Amino acid sequence: MATATSTNLRFPSPSLSLSSRLPLSSAFSVSLRPRRGASGPLVVLVSAGLGAKPTVLVAEKLGDAGLKLLKDFANVDCSYNLSTEELCTKISLCDALIVRSGTKVSREVFESSGGRLKVVGRAGVGIDNVDLAAATEHGCLVVNAPTANTVAAAEHGIALLAAMARNVAQADASVKAGKWQRNKYVGVSLVGKTLAVLGFGKVGSEVARRAKGLGMNVIAHDPYAPADRARAIGVELVGFDEAISSADFISLHMPLTAATSKMLNDETFAKMKKGVRIVNVARGGVIDEDALVRALDSGIVAQAALDVFTEEPPPKDSKLILHELVTATPHLGASTAEAQEGVAIEIAEAVVGALKGELAATAVNAPMVPSEVLSELKPFVDLAEKLGRLAVQLVAGGSGVKTVKVTYATARAPDDLDTRLLRAMITKGLIEPISSVFVNLVNADFTAKQRGLRITEERVILDGSPENPLEFIQVQIANVESRFASAISDSGEIKVEGRVKDGIPHLTKVGSFDVDVSLEGSIILCRQVDQPGMIGKVGSVLGEENVNVSFMSVGRIAPRKQAVMAIGVDEQPSKESLKKIGDIPAVEELVFLKL
């Protein structure tokens, strides 16, 4: 029984026209080799297959170890403190850009790149200074370095927590001013107090671990955090209002988004326990700074320890910075020698890997799947793209591709097979051979939308063992004419179907004909009258031109009736050789398909 799943993309844009496009080989490659040391989610990225070294623009200070990794692979331009105009001028000559938090990578930057920019690397966790929507539309992958500075940021959060509780900064300034005010700087103990961690990601969970070690009761709020991870640390996940109203200390660790902007404001401060203390090593914009000053003045907030600010550096006359109840540091969360080198290495590895076409474990704007799932899907990813390439090359030149149906045959339950990656690769295969547009996993859905291409996905649920994720993938293009009439199925669509055999993708059906040919190199399809000697005749023509045949299969209706021969070749035959094959009396039609 077939059940419809996933997303149907239906858009009003003009249809994808084939009238003036020839099948082109992809200028990009796909690599699925695991990235060394990667244990988190992984994605696949396509990369430019060009001979020249790529150029990487490093727009902010990066550690020497990271620069060395970059220089071993690419031409590196270290240009710091660029204005927006200078960055837009340089970017059209660059394949990758690396920034920290001080450089805004806006839509204007992506537009100025002219499509050359393939990777933006953010040396750190937050990516609020990068326009992700614009990056995705322009097919540019955005990667960050989320793990190298995790411990450093968590340690700084704990350092601020303890320093605030014991008035360390204020007491230090007092002693250096010649005073000895022991009674003024009596602190509060941490043990037994409730810490609310808002944002239970990598840094937040590490802060929670350390706070537990200090004897604190830790609760957390994060709508996306898995409950089992919180339980493993001994942390209770609670609602936002419960977290802020029951906490003695609040530590912020969420990204800056539209939903989190000024999350702490007059309204939320009013819900807090009087005398609460707040630590922020996340993003300055998550706190309404004017509201925080009012909360400090009223006593709702007893103290605040801040490492980040809405404007950095903040104005010298900032009431918040000058407030005697505020401990401030200049965005030092990741500023340890170890973290700086770690971030430099992590972002350099991610950028170089992405440019090579390897797996990007830290991509933030591409389909992501767990590594164990990707390992299973690896051979099917290649199959998906090649089926898309084959199907679209079978469309006659005057037709327009509007509707594509993809069918997955599987014995697995619907929630046990993520097809986003496969759909993106099929979309890439469908669009690239007939378009000058570069398609990758980042912009596949967007590109389909822009070109009015409607892709539907369907699952055929099979009986049997779910050990293998897929039995076959089928791609059908409706309402088009075909360059190879035999590719039209009984229901009237161009249809190709493939399976994975021994880890290698195979074409197993064309139209209504069963074939079996390895999808390596390119394919010749010919319909013929089934008679003795045909394989030898075709093989002789190819042999004369020194074209190596890698695989050959014949699917027939019945003996001595019509048959389809599928021939895998390592090299592209000349037009003369293809004509010779087409002139063999028993051959009724012929098409060459380049993979």
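Each chain carries its own residue numbering, running from 1 in the written order of its sequence. Per-residue local features of the predicted model are confined to residues with pLDDT of at least 70, and side-chain atom pairs are confined, for both listing and counting, to 80 or more; whole-chain, interface and lining totals are unaffected and use all residues. To get the side-chain values, all heavy atoms of the structure are used, and hydrogens and water are removed first.

Draft legend 1. Region of interest: the overall build of the protein. Each helix is a run of DSSP H or I of at least 4 residues and each strand a run of E of at least 2, with the numbering of both proceeding from the N terminus. In terms of regular secondary structure, the protein is built from 18 helices and 27 strands. When accessible area is computed with a 1.4 Å probe and restricted to protein chains, residues below 20% of their type maximum are described as buried, those above 50% as exposed, and intermediate ones as partly exposed. For the protein, with 595 residues in total, the buried portion stands at 51%. The contacts of the protein with a sequence gap of at least 6 include a subset with a gap of at least 24, amounting to 69%. Areas reported as accessible are Shrake-Rupley estimates using a 1.4 Å probe. Residue values count occlusion only from the protein chains shown. When the accessible surface of the protein is split by element, carbon and sulfur atoms take 51% of a total near 26,000 Å². Contacts: residue pairs with any heavy atoms within 4.5 Å of one another.

Draft legend 2. Structural context of the packing of helix α17 (residues 534-544) against helix α18 (residues 575-583). Every axis corresponds to a line fitted to the C-alpha atoms, with the helix fit spanning only the stretch in contact, and the corresponding angles, defined between N-to-C directions, vary from 0 to 180 degrees. Two elements in contact, α17 and α18, have axes separated by 10 Å at closest approach and are oriented at 165°. Between α17 and α18, the crossing angle belongs to the class labelled roughly antiparallel. In this structure, α17 crosses over α18, and the sense of that crossing is right-handed. When α17 is examined against α18, the residues Val538, Val541, Leu542 and Glu544 are found in contact with a partner set consisting of Ser577, Lys580 and Ile581. Gly is put with the polar residues, along with every residue not named as nonpolar or charged; the nonpolar set is Ala, Val, Leu, Ile, Met, Phe, Trp, Tyr, Cys and Pro, and the charged set is Asp, Glu, Lys and Arg. Counted by class, the contact of α17 with α18 contains four nonpolar, one polar and two charged residues. By the definition adopted for this analysis, an angle is roughly parallel if under 35 degrees, roughly antiparallel if over 145, roughly perpendicular if from 65 to 115, and oblique otherwise. Crossing chirality is assigned from the near helix's rotation relative to the far helix, an anticlockwise turn below a right angle marking it left-handed and a clockwise turn marking it right-handed.

Draft legend 3. View of the sheet that holds strand β7 (residues 96-99). Two strands qualify as a pair provided DSSP detects at least 2 bridges between them. Ordered by their spatial adjacency, five strands build an open sheet running β6-β5-β7-β8-β9, and the pairing between neighbours is parallel. Strands with a single pairing partner mark the edges of an open sheet, and in this sheet they are β6 (75-78) and β9 (141-144). Strand-to-strand twist across the sheet, computed as the mean angle between neighbouring axes with direction ignored, equals 20°. Across four bridges, β7 lies against strand β8 (residues 119-122) in parallel orientation.

Draft legend 4. Geometry of helix α7 (residues 202-213). Given a helix with a known number of residues, its expected span is that number minus one, times 1.5 Å. In this model α7 runs 17 Å from its N-terminal to its C-terminal C-alpha over twelve residues, within 8% of the 16 Å that 1.5 Å per residue would give. Considered for burial, the residues of α7 that qualify are Val203, Gly204, Ser205, Glu206, Val207, Ala208 and Ala211. Turning to α7, the residues buried within the fold contact α5 (150-165), β10 (194-198), β11 (217-221), α8 (227-233) and β13 (249-252).

Draft legend 5. Molecular detail of the pairing of strand β5 (residues 55-58). Burial along β5 is two-sided: Thr55 and Leu57 and Val56 and Val58, pointing in opposite directions, are all buried. Here β5 pairs with β6 via four bridges, running parallel. Looking across to β6, one finds that Val56 is bridged to Val76. For the crossover that starts at β5, traverses helix α1 (residues 64-71) and ends in the parallel β6, the hand is right-handed. Across three bridges, β5 lies against β7 in parallel orientation. Directly across from Val58, in β7, lies its bridge partner Ile98. For the handedness criterion, the strands are oriented away from the viewer, and a crossover whose path from the first strand over the helix to the second runs clockwise is classed as right-handed.

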